[in-house]
Amino acid sequence: MAESKLLFPGCMIGNRIPYLEASARKVFEKLGVKVEDAPFSCCPDPVGFQSTDKESWLALGARNLCIAEQMGKNIVSLCNGCTQTLTAVNHELKNNPHEKEKINKILKKVNKEFKGTSNVYHFVKLLKEEVGVDKIKSTVTKSLSNLKVACHTGCHYARPSSIMQYDDPFEPKVLRELVAATGAKVVDYTEEALCCGTGASNTDPNVGLTVLKRKMDSIKKAGANAICVICPSCFQQIDGNQKALTKQFGTEYEIPVLYLTELLALAMGYSSEEIDLKSHRTKTEIIDKNIGG
Amino acid sequence: MTFVPNLEFKKLLLDVHLRDEIKYCYQCNRCSDVCPVAAAAPGRYEPRTLIMASFLGLPQLALGSPDKFMIWGCQVCDTCDEICPNHIELTEIFTLIKNIAVQQGKAPDYYTSQAKTILQFGKAIPMQPAIERRRQKFGIPPEPKCNVDEIKAILTETKLSKKLNMEG
């Protein structure tokens with residue numbers, strides 16, 4: 001296995017949904033992925049903070065990259081938002097000398113200098129490109145063949161493609177491959193590329209829910225009995241708001257949401273108690289029923 | 001409602017953005033066609049209208065008059081960027097407009113309060129004792145402390161608190 005990477009859990013996973021981080025660490029250990037911790041700040045949020053002040057967003061993002069550069073390591077992120085911020089800041093400063101000079105002038109105040117020597121990996125990319133589907137298959141001890149999984153990659157994983165440069169921005173394939181490696185069946189649904197609506201909820205929760213409803217109706221129609229996500233914002237929106245949809249629109253779903261690392265942990269034989277699935281807002285009992293406890 | 005063109009605003013969006021891409025918009029409407037927010041909130045948010053307001057130099061319209069959802073409806077999902085036949089980076093332009101709106105005190109609370117939290121703690125979601133205990137229970141190592149003084153020094157340089165109108 002390649003050299004260790006710096007883990008960037010992000011503040012939503014680390015400081016709000018730690019059971020997702022726990023499942024990731026279990027899966028990484030099983031697959032021989034070595035990670036180290038580092039004193040990163042907020043990535044910061046590509047939606048909230050970039051929209052508020054792009055200069056501050058670039059500077060704080062660059063500071064995180066400097067920490068990795070000083071340690072001579074690459075970063076693996078557990079979150080779409082953090083991956084996009086760090087990748088986009090890296091991309092912008094590497095390709096825009098004027099902006100790089102401006103940001104380095106700011107970073108000089110804290111004795112840091114952005115050089116552009118570290119790379120940023122979404123954990124999905126790491127699992128596919130450095131671990132590989134065969135290795136993942138070899139760790140599966142429990143077949144998830146009764147699960148019919150709707151994959152939702154979320155927006156910031158592969159868009160904008162000019163910057164993210166991985167997978168397909170509208171028809172992502174890699175998550176599907178990784179889910180299929182567990183024996184689960186991947187279902188097709190019309191709104192797979194549709195956003196979960198979190199960003200719109202920041203300004204108007206009703207609009208965010210309307211976006212989510214469109215997605216959930218499509219997932220339900222496809223007959224999925226689980227949804228797999230790779231971003232904590234999408235996780236919170238889809239896991240946390242199915243009841244709100246029922247209240248607002250009278251539509252029922254109750255389709256459990258699993259982070260890819262939770263799905264992999266289950267396939268590797270961890271029990272739902274060990275990865276604390278009962279912490280989810282949308283009940284997960286059906287998962288146990290379908291995989292035989 | 002009449003909108004008055006403002007050449008300064010137009011120049012800002014044309015100048016700051018690389019390659020003056022915005023000039024190549026021929027209003028084909030594909031951005032609004034694929035936008036999930038435009039579909040969920042018809043008439044309240046339209047990327048095509050925002051681009052038009054930008055190249056015509058109509059800050060009142062772009063900055064959300066009468067409804068600030070006109071700009072803040074954009075959730076940076078990057079769907080419009082991806083579909084634009086002229087490769088206009090719409091969300092880049094919308095980011096600039098939002099940054100201007102923040103300085104004019106026209107941002108929704110979510111955005112300004114998140115920025116204030118980052119300014120104070122270095123994180124949008126600060127650690128809490130209850131979460132620290134849960135991390136311990138799961139056997140996750142404690143979160144490495146980030147250097148908040150460094151964050152504050154950087155954000156002093158970028159004049160964030162002034163941009164957020166926090167200074168008297």
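Worth saying up front: this structure is predicted, and the values here are computed from it rather than measured.

**Digging into the domain arrangement of chain A**
Residues and elements named next belong to chain A.
Point 1. Domain parsing of chain A yields domain 1 (5–123) and domain 2 (138–289).
Point 2. Here domain 1 is connected to domain 2 by 5 residue pairs in polar contact (both at pLDDT 80 or more).
Point 3. Of all the elements in the fold, those that place two or more residues in the side of domain 1 that touches domain 2 are α1 (11–15), α2 (18–31) and α5 (80–95).
Point 4. Of all the elements, α2 adds the most residues to the side of domain 1 that touches domain 2, at 8 residues.
Point 5. Split by residue class, the side of domain 1 that touches domain 2 holds 14 nonpolar, 8 polar and 3 charged.

**Details of the environment of I136 of chain A**
All names here are of chain A.
Point 1. With respect to the secondary-structure elements, I136 resides in helix α8 (residues 133–139).
Point 2. Sequence separation between I136 and V27 is 109 residues, and the spatial gap between their C-alpha atoms is 9.6 Å.
Point 3. Filtering out sequence-adjacent residues up to four positions away, I136 remains in contact with L31, L127, V131, L178, A181 and L264.

**Some thoughts on the domain arrangement of chain B**
Point 1. If you check the domain split of chain B, you get domain 1 (7–103) and domain 2 (111–163).
Point 2. For domain 1 of chain B versus domain 2 of chain B, the distance between C-alpha centres works out to 31 Å.

**A few points about the layout of surface pockets**
Point 1. In this model, the second largest pocket occupies a volume close to 910 Å³.
Point 2. Lining the second largest pocket are 43 residues; nearest its centre among them are M12, R16, T198, S233 and Q236 of chain A.
Point 3. For the lining of the second largest pocket, the elements supplying multiple residues, two or more each, are α1, α5, α11 (198–201) and α13 (232–240) of chain A together with α9 (109–121) of chain B.
Point 4. Partitioning the lining of the second largest pocket into residue classes produces 21 nonpolar, 18 polar and 4 charged.

**As for the interface of chain B and chain A**
Point 1. At the junction of the two partners, chain B supplies 53 residues and chain A supplies 60 residues.
Point 2. When chain B packs against chain A, close to 5000 Å² is buried across both sides, 61% of that on carbon and sulfur atoms.
Point 3. Where chain B meets chain A, there are 8 salt bridges.
Point 4. Here K163 of chain B makes a salt bridge to E55 of chain A, at a shortest N to O gap of 2.8 Å.
Point 5. Scanning the region where chain B abuts chain A turns up 29 residue pairs in polar contact (both at pLDDT 80 or more).
Point 6. Listing elements by their share of the side of chain B that touches chain A, those giving two or more residues are α3 (36–40), α6 (69–72), α7 (79–83), α8 (90–103), α9, α10 (129–137), α11 (148–157) and α12 (160–163) of chain B.
Point 7. The element best represented in the side of chain B that touches chain A is α11 of chain B, accounting for 6 residues.
Point 8. For the side of chain B that touches chain A, a count of residues per class yields 32 nonpolar, 8 polar and 13 charged.

**Things to note about the nonpolar core**
Point 1. The biggest cluster of nonpolar side chains holds 157 residues, and the ones touching the most others in it are F123, L127, V179 and L260 of chain A together with F94 of chain B.
Point 2. Tallying contributions element by element places helix α4 (residues 54–71) of chain A first for this core, with 9 residues.
Point 3. Setting aside its immediate chain neighbours within four residues, L127 of chain A contacts F28, L31, G132, I136, L178, L260 and L264 of chain A.

**Section: the state of the cysteines**
Point 1. Enumeration according to the criterion identifies 0 disulfides over all chains in this entry.
Point 2. Unpaired in terms of disulfides, C66 of chain A finds its nearest cysteine sulfur in C146 of chain B, a separation of 15 Å.
Point 3. Just so you know, C31 of chain B is unpaired, no disulfide at all, and the nearest cysteine sulfur is the one on C80 of chain B, 6.3 Å from it.
Point 4. On the basis of relative accessible area, C31 of chain B is assigned to the buried category, the value being 11%.

**Things to note about the packing of α2 of chain A against helix α15 (residues 260–267) of chain A**
All names here are of chain A.
Point 1. Running from N to C, α2 and α15 cross one another at 50°; their axes reach a closest spacing of 8 Å. When the interaxial angle is binned, α2 and α15 end up oblique. Where α2 crosses over α15, the two elements pack in a sense that is left-handed. When α2 is examined against α15, the residues Y19, L20, S23, A24 and V27 are found in contact with a partner set consisting of T261, E262, L264 and A265.

**Considering the sheet that holds strand β1 (residues 5–8) of chain A**
Hydrogen bonds between backbone atoms are what pair the strands of a sheet, whose relative direction is either parallel or antiparallel.
Residue and element names in this part refer to chain A.
Point 1. The parallel open sheet is built from 4 strands, whose spatial order is β2-β1-β3-β4. The open sheet is flanked by β2 (35–36) and β4 (120–122), the only strands paired with a single partner.
Point 2. Direction of pairing for β1 relative to β2: parallel, over a ladder of 2 bridges. Pairing of K5 across the sheet is with V35, part of β2.
Point 3. Each of β1, β3 (75–77) and β4 is contacted by α5, which is oriented at about 150° to β4, the strand it contacts most.

Rules used throughout
- Residues numbered from 1 in each chain as written.
- Chains lettered and ligands numbered in written order.
- Predicted model: local features only at pLDDT ≥ 70, side-chain atom pairs only at ≥ 80, totals over all residues.
- Heavy atoms only, no water.
- Domains from an automatic or database assignment.
- Polar contact = N/O pair within 3.5 Å; in protein donor to acceptor, adjacent residues only side chain to side chain.
- Helix = DSSP H or I, 4+ residues; strand = E, 2+ residues; numbered from the N terminus.
- Nonpolar A, V, L, I, M, F, W, Y, C, P; charged D, E, K, R; others polar.
- Contact = heavy atoms within 4.5 Å.
- 1 Å grid on protein atoms, 1.4 Å probe; cavity = no way out; pocket = protein on both sides within 12 Å on 5 of 7 lines; lining within 4 Å.
- Points joined across faces, edges and corners; volume = space filled by probe spheres on them.
- Buried area = accessible area lost by both parts, 1.4 Å probe.
- Salt bridge = Lys/Arg side-chain N within 4 Å of Asp/Glu carboxyl O.
- Core = buried A, V, L, I, M, F, W, Y, C linked by side-chain atoms within 4.5 Å.
- Buried < 20%, exposed > 50% of the residue type's maximum accessible area, 1.4 Å probe, protein only.
- Disulfide = S-S within 2.5 Å.
- Axes fitted to C-alpha atoms, helices over the stretch in contact; angles between N-to-C directions.
- Parallel < 35°, antiparallel > 145°, perpendicular 65-115°, else oblique.
- Left-handed = near helix turned anticlockwise from the far one by under 90°.
- Pairing = 2+ DSSP bridges.

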